[in-house]
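Structural description and commentary
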Amino acid sequence: MTNQTAKYLVTGASGQLGRLAVTELANKVPAGNIVALVRRPEAAASLEALGIEVRIGDYGDPVSLEKAFHGIDRLLLISSSEVGQRAAQHANVVSAAHKTGIGFIAYTSILHADTSPLGLASEHRETEAAIKASGIPYAFLRNGWYTENRTGSIAPAIEHGAYPGAAGDGRTSSATRQDFAEGAVAVLSAETTEPNAVYELAGDESYSMTEFASAISAAAGKPVSYSDMSESEFASLLEAAGLPGPIAAMLADSDAGTAKGALEDNSRTLSRLIGRPTTSWRDSVGEAVTASGAI
Ligand SMILES: NC(=O)c1ccc[n+]([C@@H]2O[C@H](COP(=O)([O-])OP(=O)(O)OC[C@H]3O[C@@H](n4cnc5c(N)ncnc54)[C@H](OP(=O)(O)O)[C@@H]3O)[C@@H](O)[C@H]2O)c1
(Lines give C-alpha, C1' and ligand atoms only; values in the text may rest on other atoms or scores of the structure.)
Protein backbone atom coordinates (compact mmCIF):
# COMPACT_ATOMS: atom_id res chain seq x y z
CA MET A 1 0.00 0.00 0.00
CA THR A 2 1.21 3.48 -0.90
CA ASN A 3 0.83 6.55 1.28
CA GLN A 4 -1.19 8.81 -1.04
CA THR A 5 -1.60 11.74 1.31
CA ALA A 6 1.92 12.50 2.55
CA LYS A 7 3.85 15.41 1.06
CA TYR A 8 7.15 14.13 -0.33
CA LEU A 9 10.41 15.89 -1.13
CA VAL A 10 13.23 14.37 -3.18
CA THR A 11 16.67 16.03 -3.06
CA GLY A 12 19.20 15.83 -5.90
CA ALA A 13 16.24 15.85 -8.27
CA SER A 14 18.30 17.29 -11.13
CA GLY A 15 20.67 14.31 -10.90
CA GLN A 16 20.44 10.97 -12.62
CA LEU A 17 19.07 8.96 -9.66
CA GLY A 18 16.93 11.84 -8.39
CA ARG A 19 15.13 12.33 -11.68
CA LEU A 20 14.35 8.61 -11.91
CA ALA A 21 13.09 8.65 -8.31
CA VAL A 22 10.83 11.66 -8.93
CA THR A 23 9.43 10.03 -12.07
CA GLU A 24 8.85 6.73 -10.26
CA LEU A 25 7.21 8.51 -7.31
CA ALA A 26 4.90 10.35 -9.71
CA ASN A 27 3.75 6.93 -10.98
CA LYS A 28 2.65 6.05 -7.45
CA VAL A 29 1.31 9.19 -5.73
CA PRO A 30 -0.39 12.36 -6.99
CA ALA A 31 2.12 14.70 -8.63
CA GLY A 32 0.75 17.49 -6.41
CA ASN A 33 2.15 15.68 -3.36
CA ILE A 34 5.72 15.73 -4.70
CA VAL A 35 8.32 18.45 -4.31
CA ALA A 36 11.66 18.25 -6.14
CA LEU A 37 14.67 20.01 -4.63
CA VAL A 38 17.27 21.45 -7.00
CA ARG A 39 20.03 23.99 -6.37
CA ARG A 40 20.06 25.51 -9.86
CA PRO A 41 16.91 27.37 -10.97
CA GLU A 42 17.64 26.38 -14.57
CA ALA A 43 17.15 22.71 -13.58
CA ALA A 44 13.51 23.38 -12.61
CA ALA A 45 11.76 23.55 -15.99
CA SER A 46 12.01 19.90 -17.02
CA LEU A 47 10.74 18.75 -13.59
CA GLU A 48 7.92 21.29 -13.61
CA ALA A 49 6.91 19.86 -16.98
CA LEU A 50 6.10 16.64 -15.10
CA GLY A 51 3.65 18.63 -12.94
CA ILE A 52 6.02 18.58 -9.98
CA GLU A 53 6.58 21.57 -7.69
CA VAL A 54 10.25 22.53 -7.66
CA ARG A 55 11.92 24.29 -4.75
CA ILE A 56 15.41 25.71 -4.71
CA GLY A 57 17.84 24.68 -1.98
CA ASP A 58 21.57 24.11 -1.63
CA TYR A 59 23.01 21.61 0.84
CA GLY A 60 25.52 24.30 1.79
CA ASP A 61 22.82 26.86 2.62
CA PRO A 62 20.79 25.80 5.71
CA VAL A 63 18.31 28.69 5.37
CA SER A 64 17.40 27.63 1.83
CA LEU A 65 16.82 24.07 3.07
CA GLU A 66 14.55 25.12 5.93
CA LYS A 67 12.50 27.19 3.51
CA ALA A 68 12.28 24.33 1.01
CA PHE A 69 11.29 21.73 3.62
CA HIS A 70 8.25 23.67 4.85
CA GLY A 71 5.18 21.38 4.96
CA ILE A 72 7.08 18.21 3.97
CA ASP A 73 6.26 14.88 5.67
CA ARG A 74 8.65 12.42 4.02
CA LEU A 75 12.11 13.18 2.63
CA LEU A 76 14.30 11.21 0.24
CA LEU A 77 17.84 12.48 0.81
CA ILE A 78 19.87 11.48 -2.21
CA SER A 79 23.50 11.74 -1.22
CA SER A 80 25.42 14.71 -2.59
CA SER A 81 27.91 14.29 -5.41
CA GLU A 82 30.38 16.68 -3.76
CA VAL A 83 32.65 14.08 -2.17
CA GLY A 84 34.53 15.51 0.82
CA GLN A 85 31.81 18.05 1.61
CA ARG A 86 28.99 15.55 1.93
CA ALA A 87 29.01 14.88 5.66
CA ALA A 88 28.64 18.60 6.44
CA GLN A 89 26.09 19.09 3.65
CA HIS A 90 23.98 16.15 4.78
CA ALA A 91 24.17 17.36 8.39
CA ASN A 92 22.61 20.61 7.17
CA VAL A 93 19.80 18.63 5.55
CA VAL A 94 19.17 16.60 8.71
CA SER A 95 19.18 19.72 10.88
CA ALA A 96 16.72 21.49 8.55
CA ALA A 97 14.53 18.37 8.50
CA HIS A 98 14.50 18.35 12.31
CA LYS A 99 13.66 22.05 12.54
CA THR A 100 10.80 21.76 10.06
CA GLY A 101 9.28 18.65 11.65
CA ILE A 102 9.85 16.19 8.80
CA GLY A 103 8.53 12.80 9.93
CA PHE A 104 10.69 10.39 7.91
CA ILE A 105 14.04 10.41 6.09
CA ALA A 106 15.12 7.79 3.57
CA TYR A 107 18.85 8.25 2.89
CA THR A 108 20.84 6.75 0.01
CA SER A 109 23.88 5.36 1.80
CA ILE A 110 26.45 2.82 0.59
CA LEU A 111 26.37 -0.98 0.70
CA HIS A 112 27.37 -2.33 4.14
CA ALA A 113 28.21 1.23 5.24
CA ASP A 114 29.05 0.15 8.78
CA THR A 115 31.81 -2.25 7.69
CA SER A 116 32.71 -1.06 4.16
CA PRO A 117 36.45 -0.58 3.54
CA LEU A 118 35.72 1.95 0.77
CA GLY A 119 36.97 5.47 1.41
CA LEU A 120 33.60 6.67 0.09
CA ALA A 121 31.86 5.00 3.04
CA SER A 122 33.13 7.33 5.77
CA GLU A 123 30.85 10.25 4.86
CA HIS A 124 27.91 7.85 4.66
CA ARG A 125 28.71 6.56 8.16
CA GLU A 126 28.81 10.16 9.44
CA THR A 127 25.46 10.90 7.80
CA GLU A 128 23.83 7.74 9.15
CA ALA A 129 25.03 8.75 12.64
CA ALA A 130 23.63 12.29 12.21
CA ILE A 131 20.26 10.93 11.12
CA LYS A 132 20.14 8.52 14.07
CA ALA A 133 21.10 11.31 16.48
CA SER A 134 18.31 13.55 15.12
CA GLY A 135 15.62 11.18 16.37
CA ILE A 136 13.78 11.41 13.03
CA PRO A 137 12.45 8.00 11.92
CA TYR A 138 14.63 6.80 9.04
CA ALA A 139 15.43 4.16 6.47
CA PHE A 140 19.00 3.67 5.29
CA LEU A 141 19.01 2.67 1.63
CA ARG A 142 22.51 1.23 1.44
CA ASN A 143 22.95 1.24 -2.31
CA GLY A 144 25.52 -0.96 -3.99
CA TRP A 145 27.36 -0.06 -7.18
CA TYR A 146 25.49 1.28 -10.18
CA THR A 147 25.90 -1.05 -13.18
CA GLU A 148 26.33 2.18 -15.16
CA ASN A 149 29.63 2.81 -13.33
CA ARG A 150 30.99 -0.24 -15.11
CA THR A 151 29.19 -0.01 -18.46
CA GLY A 152 30.34 3.62 -18.83
CA SER A 153 33.86 2.35 -19.66
CA ILE A 154 32.80 -0.17 -22.27
CA ALA A 155 33.65 1.88 -25.40
CA PRO A 156 37.36 2.36 -24.50
CA ALA A 157 37.55 -1.28 -23.32
CA ILE A 158 36.43 -2.46 -26.76
CA GLU A 159 38.82 -0.04 -28.44
CA HIS A 160 41.83 -1.25 -26.39
CA GLY A 161 40.76 -4.90 -26.01
CA ALA A 162 41.20 -4.52 -22.25
CA TYR A 163 39.07 -3.48 -19.28
CA PRO A 164 41.50 -2.25 -16.61
CA GLY A 165 40.94 -2.36 -12.86
CA ALA A 166 42.23 -3.33 -9.43
CA ALA A 167 39.28 -5.46 -8.37
CA GLY A 168 41.12 -8.80 -8.53
CA ASP A 169 38.63 -11.65 -8.25
CA GLY A 170 36.22 -9.51 -6.21
CA ARG A 171 32.59 -9.76 -7.20
CA THR A 172 30.15 -6.90 -7.73
CA SER A 173 26.39 -7.23 -7.22
CA SER A 174 25.50 -4.08 -9.13
CA ALA A 175 22.06 -2.83 -10.12
CA THR A 176 20.95 -0.02 -12.38
CA ARG A 177 19.99 3.46 -11.21
CA GLN A 178 16.42 2.63 -12.25
CA ASP A 179 16.44 -0.41 -9.92
CA PHE A 180 17.76 1.70 -7.03
CA ALA A 181 15.27 4.51 -7.76
CA GLU A 182 12.36 2.06 -7.62
CA GLY A 183 13.71 0.61 -4.37
CA ALA A 184 14.02 4.06 -2.81
CA VAL A 185 10.48 5.01 -3.82
CA ALA A 186 9.07 1.70 -2.54
CA VAL A 187 10.46 2.49 0.92
CA LEU A 188 9.69 6.22 0.81
CA SER A 189 6.06 5.84 -0.24
CA ALA A 190 5.09 2.74 1.76
CA GLU A 191 1.94 3.19 3.86
CA THR A 192 3.57 1.34 6.73
CA THR A 193 7.31 1.51 7.02
CA GLU A 194 9.39 -0.62 9.34
CA PRO A 195 10.84 1.84 11.84
CA ASN A 196 14.50 2.69 11.44
CA ALA A 197 15.22 -0.03 8.90
CA VAL A 198 18.50 -0.68 7.12
CA TYR A 199 18.31 -2.07 3.58
CA GLU A 200 21.39 -3.57 1.93
CA LEU A 201 20.51 -3.00 -1.73
CA ALA A 202 22.26 -4.75 -4.60
CA GLY A 203 21.71 -6.67 -7.80
CA ASP A 204 20.51 -10.26 -7.76
CA GLU A 205 23.55 -11.59 -9.63
CA SER A 206 27.19 -10.85 -8.92
CA TYR A 207 30.08 -10.94 -11.38
CA SER A 208 33.85 -10.75 -11.35
CA MET A 209 35.50 -8.24 -13.64
CA THR A 210 36.91 -11.16 -15.66
CA GLU A 211 33.32 -12.29 -16.29
CA PHE A 212 32.32 -8.70 -17.05
CA ALA A 213 35.06 -8.29 -19.67
CA SER A 214 34.18 -11.64 -21.18
CA ALA A 215 30.52 -10.52 -21.50
CA ILE A 216 31.67 -7.36 -23.31
CA SER A 217 33.76 -9.49 -25.62
CA ALA A 218 30.85 -11.83 -26.38
CA ALA A 219 28.47 -8.92 -27.05
CA ALA A 220 30.95 -6.98 -29.19
CA GLY A 221 32.37 -9.98 -31.04
CA LYS A 222 35.85 -8.66 -30.30
CA PRO A 223 38.50 -9.77 -27.79
CA VAL A 224 38.26 -7.88 -24.49
CA SER A 225 39.97 -9.16 -21.36
CA TYR A 226 40.16 -7.89 -17.82
CA SER A 227 43.53 -6.31 -17.03
CA ASP A 228 44.11 -6.47 -13.28
CA MET A 229 46.71 -4.23 -11.67
CA SER A 230 47.60 -2.76 -8.29
CA GLU A 231 45.52 0.05 -6.81
CA SER A 232 48.32 2.58 -7.39
CA GLU A 233 48.88 1.45 -10.98
CA PHE A 234 45.15 1.78 -11.66
CA ALA A 235 45.02 5.25 -10.09
CA SER A 236 47.98 6.34 -12.27
CA LEU A 237 46.31 4.93 -15.39
CA LEU A 238 43.06 6.81 -14.65
CA GLU A 239 45.00 10.02 -14.02
CA ALA A 240 46.94 9.57 -17.26
CA ALA A 241 43.56 9.16 -19.01
CA GLY A 242 42.61 12.64 -17.79
CA LEU A 243 40.78 12.13 -14.49
CA PRO A 244 41.62 14.53 -11.64
CA GLY A 245 43.96 12.90 -9.06
CA PRO A 246 41.42 12.69 -6.20
CA ILE A 247 38.77 11.11 -8.47
CA ALA A 248 41.30 8.63 -9.86
CA ALA A 249 42.36 7.73 -6.29
CA MET A 250 38.73 7.34 -5.20
CA LEU A 251 37.90 5.03 -8.11
CA ALA A 252 41.04 2.96 -7.53
CA ASP A 253 40.21 2.73 -3.83
CA SER A 254 36.71 1.52 -4.73
CA ASP A 255 38.19 -1.17 -6.97
CA ALA A 256 40.55 -2.25 -4.19
CA GLY A 257 37.48 -2.44 -1.93
CA THR A 258 35.75 -4.57 -4.57
CA ALA A 259 38.66 -7.01 -4.34
CA LYS A 260 37.86 -7.30 -0.62
CA GLY A 261 34.18 -8.10 -1.33
CA ALA A 262 32.81 -4.65 -0.45
CA LEU A 263 30.41 -4.51 -3.40
CA GLU A 264 29.03 -8.04 -3.16
CA ASP A 265 25.72 -8.79 -1.50
CA ASN A 266 23.53 -11.80 -2.08
CA SER A 267 20.54 -10.81 0.04
CA ARG A 268 18.28 -9.92 -2.92
CA THR A 269 16.64 -7.28 -0.75
CA LEU A 270 16.37 -4.88 -3.70
CA SER A 271 14.45 -7.28 -5.93
CA ARG A 272 12.08 -8.06 -3.07
CA LEU A 273 11.44 -4.34 -2.59
CA ILE A 274 10.79 -3.62 -6.26
CA GLY A 275 8.79 -6.81 -6.84
CA ARG A 276 10.85 -7.97 -9.83
CA PRO A 277 14.37 -9.25 -10.50
CA THR A 278 16.98 -6.51 -10.70
CA THR A 279 18.10 -5.61 -14.23
CA SER A 280 20.44 -8.27 -15.59
CA TRP A 281 24.01 -6.95 -15.75
CA ARG A 282 24.53 -8.95 -18.93
CA ASP A 283 21.58 -7.14 -20.54
CA SER A 284 23.09 -3.82 -19.44
CA VAL A 285 26.41 -4.82 -21.00
CA GLY A 286 24.64 -5.77 -24.23
CA GLU A 287 22.81 -2.44 -24.36
CA ALA A 288 25.99 -0.47 -23.64
CA VAL A 289 27.90 -2.35 -26.33
CA THR A 290 25.17 -1.55 -28.84
CA ALA A 291 25.08 2.10 -27.73
CA SER A 292 28.88 2.33 -28.09
CA GLY A 293 28.49 1.74 -31.81
CA ALA A 294 31.06 -1.09 -31.65
CA ILE A 295 28.69 -3.48 -33.40
N1 LIG B 1 26.07 3.72 -5.91
C2 LIG B 1 26.89 4.18 -6.83
O3 LIG B 1 27.47 3.46 -7.64
C4 LIG B 1 27.09 5.66 -6.94
C5 LIG B 1 27.81 6.16 -8.01
C6 LIG B 1 27.95 7.53 -8.12
C7 LIG B 1 27.38 8.36 -7.16
N8 LIG B 1 26.70 7.82 -6.13
C9 LIG B 1 26.05 8.64 -5.09
O10 LIG B 1 24.67 8.67 -5.40
C11 LIG B 1 24.24 10.03 -5.61
C12 LIG B 1 23.23 10.07 -6.73
O13 LIG B 1 23.82 9.54 -7.91
P14 LIG B 1 23.58 10.24 -9.30
O15 LIG B 1 24.11 9.32 -10.31
O16 LIG B 1 22.18 10.72 -9.39
O17 LIG B 1 24.54 11.52 -9.16
P18 LIG B 1 24.43 12.89 -9.98
O19 LIG B 1 23.75 12.66 -11.29
O20 LIG B 1 25.80 13.48 -9.99
O21 LIG B 1 23.46 13.79 -9.09
C22 LIG B 1 23.90 14.41 -7.94
C23 LIG B 1 22.81 15.37 -7.48
O24 LIG B 1 23.26 16.04 -6.28
C25 LIG B 1 22.98 17.44 -6.45
N26 LIG B 1 23.86 18.22 -5.62
C27 LIG B 1 25.20 18.21 -5.57
N28 LIG B 1 25.66 19.13 -4.71
C29 LIG B 1 24.56 19.77 -4.22
C30 LIG B 1 24.38 20.83 -3.31
N31 LIG B 1 25.43 21.46 -2.75
N32 LIG B 1 23.13 21.22 -3.01
C33 LIG B 1 22.05 20.61 -3.59
N34 LIG B 1 22.16 19.60 -4.48
C35 LIG B 1 23.41 19.20 -4.80
C36 LIG B 1 23.26 17.66 -7.92
O37 LIG B 1 22.75 18.92 -8.35
P38 LIG B 1 23.31 19.60 -9.72
O39 LIG B 1 22.51 19.00 -10.85
O40 LIG B 1 23.01 21.03 -9.52
O41 LIG B 1 24.76 19.28 -9.82
C42 LIG B 1 22.52 16.47 -8.51
O43 LIG B 1 21.13 16.70 -8.54
C44 LIG B 1 25.53 10.78 -5.92
O45 LIG B 1 25.40 12.14 -5.60
C46 LIG B 1 26.54 10.06 -5.05
O47 LIG B 1 26.47 10.50 -3.69
C48 LIG B 1 26.52 6.48 -6.01
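Remember, predicted model here, so these are calculated numbers, not experimental data. (Residues numbered from 1 in each chain as written. Predicted model: local features only at pLDDT ≥ 70, side-chain atom pairs only at ≥ 80, totals over all residues. Heavy atoms only, no water.)

1. Regarding the overall build of the protein
Secondary structure assignment for the protein yields 13 helices and 11 strands. Computed over its C-alpha atoms, the radius of gyration of the protein comes to 19 Å, within 12% of the 19 Å expected for a compact globule of 295 residues. Seen along its three principal axes, the alpha-carbon backbone of the protein occupies a region of about 55 × 40 × 35 Å. Burial analysis of the protein (295 residues in total) assigns 51% to the buried set. Sequence separation of 24 or more characterises 76% of the internal contacts of the protein that already satisfy a separation of 6 or more. Looking at the protein as shown, the accessible area adds up to about 12400 Å², and 52% of this sits on carbon and sulfur atoms. Within the protein, one finds 22 positive and 34 negative side-chain charges whose respective centroids are separated by 4 Å. (Helix = DSSP H or I, 4+ residues; strand = E, 2+ residues; numbered from the N terminus. Rg over C-alpha atoms; globule rule 2.2 N^0.38 Å. Buried < 20%, exposed > 50% of the residue type's maximum accessible area, 1.4 Å probe, protein only. Contact = heavy atoms within 4.5 Å. Areas by Shrake-Rupley, 256 points an atom, 1.4 Å probe, with all protein chains shown as cover. Lys, Arg positive; Asp, Glu negative; His and termini not counted. Charge placed at Lys NZ, Arg CZ, Asp CG, Glu CD.)

2. Considerations on helix H4 (residues 86–99)
Each full turn of the α-helix corresponds to 3.6 residues, which orients residues three or four apart in the same direction. Between the first and last C-alpha of H4 there are 20 Å, a value that for 14 residues agrees with the 20 Å anticipated at 1.5 Å per step. Within H4, the full set of buried residues consists of Arg-86, Ala-87, Gln-89, His-90, Val-93, Val-94, Ala-96 and Ala-97. On its buried side, H4 packs onto helix H3 (62–68), strand S4 (74–77), strand S5 (104–110) and helix H5 (121–134). Downstream of H4 by one or two residues, Gly-101 has phi in the positive range, about 75°. (Expected span 1.5 Å × (residues − 1).)

3. Concerning the domain arrangement of the protein
In terms of domain boundaries, the protein breaks down into domain 1 (8–143) and domain 2 (149–171 + 206–264 + 280–292). Computed from C-alpha atoms alone, the centre-to-centre distance between domain 1 and domain 2 is 29 Å. At the interface, seven residues of domain 1 touch eight residues of domain 2. In total, domain 1 and domain 2 occlude about 620 Å² of area from one another, counting both sides; carbon and sulfur atoms represent 71% of this. Its largest share of buried area at the contact with domain 2, domain 1 owes to Leu-111, Pro-117 and Leu-118, together 62% of the area lost on that side. Between domain 1 and domain 2 we count one residue pair in polar contact (both at pLDDT 80 or more) in total. (Domains from an automatic or database assignment. Buried area = accessible area lost by both parts, 1.4 Å probe. Polar contact = N/O pair within 3.5 Å; in protein donor to acceptor, adjacent residues only side chain to side chain.)

4. Here we look at the packing of helix H1 (residues 16–28) against helix H8 (residues 177–188)
Viewed as axis vectors pointing N to C, H1 and H8 meet at an angle of 50°, and their least axial separation amounts to 8 Å. Taken together, H1 and H8 sit at an angle that is classed as oblique. H8 is crossed by H1, and the crossing has right-handed handedness. Contacts between H1 and H8 involve Gln-16, Leu-17, Leu-20, Ala-21, Glu-24, Leu-25 and Lys-28 from the former and Arg-177, Gln-178, Phe-180, Ala-181, Glu-182, Val-185, Ala-186 and Leu-188 from the latter. When its residues are assigned to classes, the contact of H1 with H8 shows nine nonpolar, two polar and four charged. (Axes fitted to C-alpha atoms, helices over the stretch in contact; angles between N-to-C directions. Parallel < 35°, antiparallel > 145°, perpendicular 65-115°, else oblique. Left-handed = near helix turned anticlockwise from the far one by under 90°. Nonpolar A, V, L, I, M, F, W, Y, C, P; charged D, E, K, R; others polar.)

5. Focus: the side chain of Ser-189
If you trace the backbone, Ser-189 turns up in the loop between H8 and strand S9 (197–201). We classify Ser-189 as buried; its relative accessible area is 1%. A polar contact is formed between the side chain of Ser-189 and the backbone oxygen of Val-185, at a distance of 2.7 Å.

6. Structural notes on the side chain of Ser-109
Topologically, Ser-109 is positioned in strand S5. Overall, Ser-109 belongs to the buried group, its relative accessible area being 4%. Those residues in contact with Ser-109 that lie beyond four places of it in its chain are His-124, Glu-128, Leu-141, Arg-142 and Asn-143.

7. Quick word on helix H9 (residues 209–220)
End to end, H9 covers 16 Å across 12 residues, agreeing with the expected 16 Å (1.5 Å per residue, within 8%). Buried within H9 are the following residues: Met-209, Phe-212, Ala-213, Ala-215, Ile-216, Ser-217 and Ala-220. Where H9 is buried, its residues meet helix H6 (147–151), helix H7 (154–160), strand S7 (162–165), strand S10 (207–208), strand S11 (225–228) and helix H13 (281–292). Following H9 by one or two positions, Gly-221 adopts a phi angle in the positive range, close to 70°.

8. So, the environment of Gly-152
Along the chain, the position of Gly-152 falls in the loop between H6 and H7. Judged by its relative accessible area of 59%, Gly-152 falls in the exposed class. Sequence spacing of Gly-152 and Gln-85 is 67 residues, and the spatial spacing of their C-alpha atoms is 25 Å.

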